[in-house]
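# Remarks on the overall topology
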Amino acid sequence: MSLQTKEMLEKLSLIQPLIGNTPVIKLAVPHMNANIFAKLEYVNFAGSIKSRPAFNILYKAIGDGQIDENSIVVESSSGNFAIALAMLCKLIGIRFIPVIDPNINPGYEKLLRYLCAEVIKVTEIDETGGYLLTRLARVSAIRQSNEHTFWPNQYGNPVNAETYYHYMAKEIADSFVKLDYVFIGVSSCGTIAGLSKKLKIEFPDIKIIAIDVEGSVIFSHPPQKRFISGIGSSIVPPLINEAIIDEIIHISQVDIIEGCHNLVDQHMLFCGASSGASYSCIKRYFQNHPAFDTKPQVLFICPDSGDAYLDTIYDQQWGAKVAAAQYQDFTINN
């Protein structure tokens with residue numbers, strides 16, 4: 001290992017204490033036949049849960065010799081994973097090229113252009129009606145043209161799932177004597193793959209509930225136009241095959257928006273789409289569920305804050321357009 005790569009690992013190690021050990025809080029939910037807890041992942045370095053896999057994927061790749069001072073990291077992401085990678089790569093002094101699309105939050109795009117010397121924004125819509133396949137095709141083209149590239153591949157890299165298995169699941173297990181349900185929004189599926197396998201060991205009777213948005217193809221549903229980022233996918237991520245799932249719930253985009261607003265109004269938790277989706281599903285699930293002898297312990301994950309959603313989920317006019325598009329087959333400009 002060269003002196004430069006050793007220095008890269010040392011710099012990453014300084015950031016490690018800022019990742020993980022996020023708080024778990026109990027929510028006061030009147031008339032709910034369950035005890036509801038939220039794990040606040042937005043207090044991580046770079047502001048999201050994606051700091052966990054970004055850190056571990058880079059650290060392992062450097063240690064294994066897949067990344068050195070001449071490498072270029074390239075990844076498809078218009079959200080939290082890109083932000084985390086951009087910050088970590090800038091810290092250790094290597095290039096990162098994010099491949100984004102027009103649905104990116106404007107603030108995120110500005111931050112990526114500040115952190116990265118090159119940002120590629122695709123504009124061609126793929127056969128699913130989104131941009132993910134176009135982004136992945138551009139990543140592939142970049143990799144073929146430059147032998148010094150490294151692709152973290154958040155959708156299929158086993159380190160993604162292992163990160164949640166070895167670290168986040170342990171934090172959750174240490175926070176509970178008993179845990180009956182965990183609700184997890186799905187996207188790249190590393191979180192649910194890692195957490196489900198480990199939590200099934202720690203709490204054998206736990207129910208793993210996967211939350212997906214209508215229009216996502218993760219669970220073989222037909223693709224539809226989606227306007228909310230942070231949940232769902234236009235591909236079936238390979239990591240979903242590693243997950244142990246008891247129930248799958250598909251939620252509408254309107255209900256996601258309502259869930260986010262409920263978290264603010266009822267608990268002053270300013271969270272992103274996946275958090276709102278999980279909270280909305282939890283309320284409906286336990287309001288309709290038969291009474292328990294003892295209130296179950298229920299956890300959901302809050303992957304990011306609402307900052308990136310101020311122009312979308314937390315904008316009333318935008319939300320009204322989403323409702324119109326969903327119920328009246330109108331179009332919307334995001």
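Residues numbered from 1 in each chain as written. Predicted model: local features only at pLDDT ≥ 70, side-chain atom pairs only at ≥ 80, totals over all residues. Heavy atoms only, no water.

In the nomenclature of an unreviewed UniProt entry, the protein is known as N-(2-amino-2-carboxyethyl)-L-glutamate synthase of Pedobacter psychrotolerans. Its UniProt record, at the heading Sequence similarities (unreviewed entry), says of the protein: "Belongs to the cysteine synthase/cystathionine beta-synthase family. SbnA subfamily." (UniProt positions renumbered as here; feature names shortened; annotations may be inferred.)

## Some points on the sheet that holds strand 10 (residues 297–302)
Adjacent strands of a sheet pair through backbone hydrogen bonds, lying either parallel or antiparallel. With respect to topology, 6 strands assemble into an open sheet ordered 1-2-10-7-8-9, the strand pairing being mixed. Pairing within the sheet leaves two strands with one partner each, and these edge strands are strand 1 (24–27) and strand 9 (247–251). Adjacent strand axes in the sheet meet at a mean angle of 25 degrees when their direction is disregarded. Bridge analysis of strand 8 (residues 207–213) against strand 9 gives 5 bridges, and the strand direction is parallel. The partner of Ala-210 across the bridge, within strand 9, is Ile-248. The strands that helix 8 (residues 253–267) touches are strand 1, strand 8, strand 9 and strand 10; relative to strand 9, the one it contacts most, it runs at about 95 degrees. (Pairing = 2+ DSSP bridges. Helix = DSSP H or I, 4+ residues; strand = E, 2+ residues; numbered from the N terminus. Axes fitted to C-alpha atoms, helices over the stretch in contact; angles between N-to-C directions. Contact = heavy atoms within 4.5 Å.)

## Observations regarding the sheet that holds strand 5 (residues 120–121)
Spatially, the 4 strands line up as an open sheet ordered 5-4-3-6, and their pairing is parallel. At either margin of the open sheet sits one strand with a lone partner, and together these are strand 5 and strand 6 (149–150). Alignment of strand 3 (residues 72–76) against strand 4 (residues 95–100), held across 5 bridges, turns out to be parallel. The residue bridging Glu-75 from the neighbouring strand is Pro-98, located in strand 4. Each of strand 4 and strand 5 touches helix 4 (residues 106–115); the most contacted strand, strand 4, lies at about 155 degrees to it. Contacts between helix 5 (residues 132–145) and the sheet are confined to strand 3, strand 4, strand 5 and strand 6, with strand 3 contributing the most and set at about 160 degrees to the helix.

## A short note on the domain arrangement of the protein
According to the domain assignment, the protein contains domain 1 (3–47 + 157–322) and domain 2 (50–150). For domain 1 and domain 2, the distance between their C-alpha centres works out to 23 Å. The interface of domain 1 with domain 2 comprises 36 residues on the first partner and 32 residues on the second. Summed over both sides, the interface of domain 1 with domain 2 buries roughly 3,000 Å², with 66% coming from carbon and sulfur. Connecting domain 1 to domain 2 are 2 salt bridges. Between Arg-52 and Glu-41 there is a salt bridge; the shortest N-O distance is 2.7 Å. Across the contact surface, domain 1 and domain 2 share 7 residue pairs in polar contact (both at pLDDT 80 or more). (Domains from an automatic or database assignment. Buried area = accessible area lost by both parts, 1.4 Å probe. Salt bridge = Lys/Arg side-chain N within 4 Å of Asp/Glu carboxyl O. Polar contact = N/O pair within 3.5 Å; in protein donor to acceptor, adjacent residues only side chain to side chain.)

## Some details on the packing of helix 2 (residues 51–63) against helix 6 (residues 158–175)
Between helix 2 and helix 6, whose axes approach to 9 Å, the crossing angle comes to 120 degrees. If you check the angle between helix 2 and helix 6, you find them oblique. Note that helix 2 runs across helix 6; the crossing there is right-handed. Contacts from Arg-52, Pro-53, Asn-56, Ile-57 and Lys-60 in helix 2 reach Val-159, Asn-160, Thr-163, Tyr-164, Tyr-167, Met-168 and Glu-171 in helix 6. In the contact of helix 2 with helix 6, the residues fall into 6 nonpolar, 3 polar and 3 charged. (Parallel < 35°, antiparallel > 145°, perpendicular 65-115°, else oblique. Left-handed = near helix turned anticlockwise from the far one by under 90°. Nonpolar A, V, L, I, M, F, W, Y, C, P; charged D, E, K, R; others polar.)

## Things to note about the UniProt feature "domain: Tryptophan synthase beta chain-like PALP" (unreviewed entry) in the protein
Under the UniProt annotation, "domain: Tryptophan synthase beta chain-like PALP" (unreviewed entry) lies at residues 15–302. A helix fraction of 39% and a strand fraction of 17% characterise residues 15–302, whose end C-alpha atoms lie 21 Å from each other.

## Description of helix 4
Along helix 4, the positions that sit buried rather than exposed are Tyr-108, Glu-109, Leu-112 and Leu-115. All buried residues of helix 4 project into a common sector of 130 degrees when viewed along the axis, lining one side. Away from its buried face, by an angle of more than 90 degrees, helix 4 presents the exposed residues Lys-110 and Tyr-114. Residues of helix 4 that are buried in the fold lie against helix 3 (80–92), strand 4 and strand 5. The N-cap residue of helix 4 is Asn-105: its side-chain oxygen and the backbone nitrogen of Gly-107 are 2.8 Å apart. (Buried < 20%, exposed > 50% of the residue type's maximum accessible area, 1.4 Å probe, protein only. Arc of directions from axis to C-beta.)

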